[in-house]
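# What the coordinates show
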Amino acid sequence: MKTFSITKELVRVLKKERDTGRSVGFVPTMGALHEGHLSLLEESKKHNDITVCSIFVNPIQFNQKQDLEKYPRNLNEDLRLLLSVDCNYVFVPTEEEVYPGGIPELNLNLGRLDRVLEGKFRPGHFKGVAIVVKQLFDIVNPDKAYFGKKDYQQLLIIQHMVSELNLRIQIIPGPTLREHDGLAMSSRNLRLTIGEREVAPMIYETLCKVRDKAGEMPVKELKQWAIRKINSNSLFQVEYLEIVDKDDLHPIGSWKEKNNAITCTAVFLGDVRLIDNIELFS
Ligand code: AMP
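I will try to describe carefully the structure that is included in this document. Small disclaimer: the values here were computed from a predicted structure and weren't measured. (Residues numbered from 1 in each chain as written. Predicted model: local features only at pLDDT ≥ 70, side-chain atom pairs only at ≥ 80, totals over all residues. Heavy atoms only, no water.)

## Examining the pairing of strand β2 (residues 24-29)
For clarity, the threshold we go by: For the exposure calls, accessible area comes from a 1.4 Å probe over protein chains only, and a residue counts as buried if that area is under 20% of its type's maximum, exposed if over 50%, partly exposed in between. Secondary structure is summarised from DSSP: a helix means a run of H or I of at least four residues, a strand means a run of E of at least two, and numbering begins at the N terminus for each. By convention, a crossover is right-handed whenever its connection, traced from the first strand over the helix to the second and viewed with the strands pointing away, goes clockwise. Between any two strands, pairing holds if DSSP finds at least two bridges.
In terms of burial, β2 is a largely internal element, six of the six residues being buried. The two faces of β2 match: Val24, Phe26 and Pro28 on one face and Gly25, Val27 and Thr29 on the other face are all buried. For the crossover from β2 across helix α2 (residues 35-47) to strand β3 (residues 50-55), the handedness is right-handed. With two bridges joining them, β2 and strand β5 (residues 144-148) adopt parallel strand pairing. The partner of Phe26 across the bridge, within β5, is Ala145.

## Remarks on the sheet that holds β2
Heads up, the condition is: Fitted lines through C-alpha atoms serve as axes, helices being fitted only where they are in contact, and the angles separating the N-to-C directions of these axes extend from 0 to 180 degrees. What makes two residues a contact is simply this: any of their non-hydrogen atoms within 4.5 Å.
Here we have six strands laid out as an open sheet, ordered β1-β4-β3-β2-β5-β6, and parallel in their pairing. Each end of this open sheet is capped by a strand with a single partner; those strands are β1 (2-4) and β6 (170-174). On average, adjacent strands in this sheet sit at an angle of 25 degrees to one another, irrespective of strand direction. The strands that helix α1 (residues 7-19) touches are β1, β2, β3 and β4 (89-91); relative to β4, the one it contacts most, it runs at about 150 degrees. Seen against the sheet, helix α4 (residues 75-84) touches β1, β3 and β4 and runs at an angle of roughly 165 degrees to β3.

## Considering the site of the ligand
For clarity, the cut-off: One heavy atom suffices: a residue is near a molecule or strand as soon as one of its heavy atoms comes within 4 Å of it. We call two N or O atoms a polar contact when they sit within 3.5 Å, provided that within protein one can donate a hydrogen and the other can accept it, with sequence-adjacent residues counted only if both atoms are side-chain atoms. Residue burial considers only the protein chains on display, and all accessible areas are found by Shrake-Rupley using a 1.4 Å probe. Under the convention adopted here, Pro, Cys and the residues Ala, Val, Leu, Ile, Met, Phe, Trp and Tyr are nonpolar, Asp, Glu, Lys and Arg are charged, and Gly plus all remaining residues are polar.
With respect to spatial proximity, 17 residues lie near the ligand, and among them Met30, Gly148, Asp151, Leu177 and Met185 are the closest. Taking Gly148, its main chain carries an N or O atom lying 2.9 Å from an oxygen atom of the ligand. In this structure, an oxygen atom belonging to the ligand sits 2.6 Å away from a side-chain N or O atom of Asp151. Look at the ligand: alone it shows 490 Å² of surface, and the protein chains cover 93% of it. Elements supplying a minimum of two residues to the shell around the ligand: β2, α2 and β5. In terms of residue count, the dominant contributor to the shell around the ligand is α2 (three residues). When its residues are assigned to classes, the shell around the ligand shows eight nonpolar, seven polar and two charged.

## With respect to unusual backbone geometry
Although it is not a glycine, Ala32 adopts a positive phi angle of roughly 50 degrees. Along the chain, Ala32 falls in the loop between β2 and α2. Look at Leu117: it is not a glycine, yet its phi comes out positive at around 50 degrees. By the element assignment, Leu117 lies in the loop between α5 (95-98) and α6 (118-121). On the accessibility criterion, Leu117 (5% relative accessible area) is buried.

Below, the structure is given as structure tokens:
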């Protein structure tokens with residue numbers, strides 16, 4: 001495994017790999033790696049000759065300075081984990097290496113996709129995500145790139161970007177990996193107190209109940225029921241919980257649309273903001 005922090009050096013090495021006919025798989029991350037990230041890397045290892053992982057905490061996708069400052073960073077442990085899954089190249093750039101000419105413009109019409117759910121509460125977040133992913137795609141030039149369904153809206157937006165910009169990159173979604181008690185793995189879980197961590201599985205438990213109860217009561221009522229259930233523990237504050245169409249994220253009005261529905265939520269647990277989702281279709 002080789003680690004690069006200079007863009008030009010990584011580009012040169014990857015060009016050589018490609019010139020010898022090797023396919024490149026790419027997993028972009030912000031570090032503080034866990035098994036969710038590793039599952040994407042393992043998929044990439046299976047289906048590509050070369051796997052590249054980037055670790056870059058992208059400042060322009062944080063709409064709150066405090067969230068950026070508190071984002072967990074643990075490079076030594078990350079490198080150890082990447083070695084354990086036999087990752088070939090790790091890219092750990094500085095901001096200057098990712099944005100050498102300053103923050104680039106990206107003309108992308110995301111329509112509803114970045115105005116709802118996360119987009120509504122984190123203005124500018126997805127624009128920052130799209131810009132960094134496009135920069136990293138330009139640098140790594142992968143055949144396939146791997147994204148987790150844990151960040152479902154992000155996955156849709158990247159798929160949309162690739163299709164709008166006609167990029168020749170296949171986007172491969174990976175399932176959400178969970179702790180034994182159901183809590184979706186997230187770098188942010190590291191910031192939970194012991195007490196918060198104990199109650200955290202309630203988010204996924206409630207999502208599972210929404211899936212099980214789908215069809216039993218009107219969509220709006222089920223949504224309100226789920227919000228009340230999570231908020232019934234005062235450590236939680238639901239920011240949103242929506243039952244939406246999985247392709248364009250419009251709120252579904254009736255269970256006729258169930259087979260295309262996904263429930264997405266963002267919940268504050270103390271001052272840690274967690275997101276999760278569950279597909280209502282099978
Ligand atoms: P992040 O480091 O949080 O930006 O995540 C990097 C990639 O890992 C994104 O594609 C995420 O969707 C994915 N990811 C994060 N958590 C999980 C998880 N629990 N299971 C699967 N993929 C995940």
